[in-house]
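Each chain is listed here by its residues.
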Amino acid sequence: MSKNNAKILLFLLAVLMVGATYMYVFKPNQDETAKLESEAETLETKLKDLKAKEADREMYETQIVEFNEGFQEIIAEFPAALNQEVTVMFIKGVEDVHQGEFQIASTGLGAPQQFYTLAGSTDAEGNVTGGYTCEKAIFPISYTGSYEGVKDFVEYIMNYKYRMNISDISIAYDEANDIYSGGVTLYAYSVAGEGRTPETVDLDVETGVDNIFHGGAGAPAAETYEYDEDDGASIKGDHDIKIMLNNANNDATDGVIVSAGSSDTYVTYGNNDVASLEIKVYEEDGKNYMSYTIGDQTYSAEITSSDLTIYVESSQRVDSDDKNGVKVSVSNTTSVPVFFKVDGDDTTAPRFAMGSKSGTVKVY
């Protein structure tokens, strides 16, 4: 090899070494330096921001406490769950509060559906975790009642302890009987999450019966009785208690008269609206007793027979101003069966209505 060729090869080798050094040593170090400088700049910016916030730390901590308290106050307006037990008690409470002025004919227990997650975070896969689960349920309600009762129901929902709303309401007016009826679509909401405990219902009654169509809570299995053969007609001639329902606007008698025989057993009601009659059948000192109450009037007596028979002598409505009637609730904590025979009631606007009942109670 000549000297010139050797010089050329050495030159090319030197160029190659310089290029390799640049590509594999200098450039990577330069890129890493640029990356570190960029990160340092970002951290410097973040540090400046944190220092600025640190100066206001006390203000931020105070606001966090205030916002958390405000948040808890808002979610306290919603129950922690929409369980059916609480819903049933709410529906029952509506009727108890309005005492015959607003009666629920039927309702549906809507299944809760999740519609939002509040204050949650998103993981790497895009799933929302933590936070509070917001659910809603729809309750369609069919009702009857007075005009004041419908208005009071709407106000009751507006002022209820938990947030609800009525999405739509229909009202039909029966002018002859001055009765309003229709349907309501009610939305209820719940917020479940950390620290929230679902409401429970403490019922001090026996639950579960063999036949849901016979009697009330604690009633025995369905049986046949001697009054079944004539649909209770024999009670009309032989009964322990008589309930008379007349037009309250007449001048002769009160609209509701409950009697166990003589005049000293009378419990009466003279107003032209629906009376609440409470009948209790209970045991005391090994004997069975019954009592009936309207307002502050009560009569009680010992039951000496094997059953308690009640004859309801009702009547047709006279006109649209005739609003008299009775809603009966029966609490029977004994083994004595209670039988009602309702006769002569108005078919389109009955004066007699059976409310809550427990034990064995049968209406013919």
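These figures come from a predicted structure and were not determined experimentally. Within any chain, residue numbers begin from 1 and follow the written order of that chain's sequence. With the structure being a predicted model, the display of local features is reserved for residues of pLDDT at least 70 and the display and counting of side-chain atom pairs for 80 or more, all residues being used for whole-chain, interface and lining totals. Side-chain calculation: all heavy atoms of the structure are included, whereas hydrogens and water are not.

Caption draft 1: Examining the sheet that holds strand β8 (residues 241-245) more closely. Strands are labelled as partners when DSSP assigns at least two bridges between them. Only DSSP runs of H or I covering at least 4 residues are called helices, and only runs of E covering at least 2 are called strands; the numbering of each starts at the N terminus. Reading across from one edge, β10-β9-β8-β14-β16-β18 is the order of the 6 strands in this open sheet, with mixed pairing throughout. Every other strand in the sheet has two partners, leaving β10 (267-269) and β18 (361-363) as the edge strands with one partner each. Taking the axes of each pair of neighbouring strands and ignoring which way they run, one obtains an average angle of 15° across the sheet. Where β8 lies against strand β9 (residues 256-259), 4 bridges are found, and the strand directions are antiparallel. Its bridge partner being in β9, I243 is matched across the sheet by V258. Between the N-to-C directions of two axes lies an angle of 0 to 180 degrees, each axis being a line fitted to C-alpha atoms and, for a helix, fitted only over the stretch in contact.

Caption draft 2: Focus on the packing of aromatic side chains. Each Phe, Tyr or Trp ring (for Trp, its six-membered ring) is paired with any other whose centre lies within 6.5 Å, and the angle between the two planes then decides the class: stacked below 30 degrees, edge-to-face above 60, tilted in between. In total, this model carries 14 aromatic pairs according to the counting rule given. Ring geometry for F339 versus Y364: centroids 6.4 Å apart, planes at 25°, classification stacked. Remark: Y364 occurs in the segment after β18 and F339 occurs in strand β16 (residues 338-343); sequence separation between them is 25 residues. Sitting over the face of the ring of F115, K136 holds its NZ or CZ atom 5.8 Å from the ring centroid. For a lysine, the NZ atom is tested; for an arginine, the CZ atom; a charge sits over a ring if that atom is within 6 Å of the ring centre and within 35 degrees of the ring normal.

Caption draft 3: Here's a closer look at helix α4 (residues 147-158). The end-to-end C-alpha distance of α4, which contains 12 residues, comes to 17 Å, matching closely the 16 Å that a straight helix rising 1.5 Å per residue would cover. Among the residues making up α4, those that are buried are G149, V150, F153 and I157. Across the axial projection of α4, the buried residues extend over an arc of 100°, all falling on one side. In this scheme, a helix's expected span is set at 1.5 Å multiplied by one less than its residue total. Using a 1.4 Å probe on the protein chains alone, a residue whose accessible area is under 20% of its type maximum counts as buried, one over 50% counts as exposed, and one in between counts as partly exposed. Think of the arc as the fan of directions from the helix axis to the C-beta atoms.

Caption draft 4: Summary view of the pattern of salt bridges. Take a side-chain nitrogen of Lys or Arg and a carboxyl oxygen of Asp or Glu: if they are within 4 Å of each other, that pair is a salt bridge. Going through the model one piece at a time under the given rule, you end up with 12 salt bridges. Its salt-bridge partner being K323, residue D178 comes within 3.4 Å of it at the nearest N-O pair. With D178 in the loop between β6 (164-174) and β7 (179-192) and K323 in the loop between β14 (308-313) and β15 (325-332), this residue pair connects regions lying 145 residues apart in the sequence. The class for K323 is partly exposed, based on a relative accessible area of 27%. Ionic contacts of the salt-bridge type, sharing partners, join the residues E54, R57 and E61 into one network.

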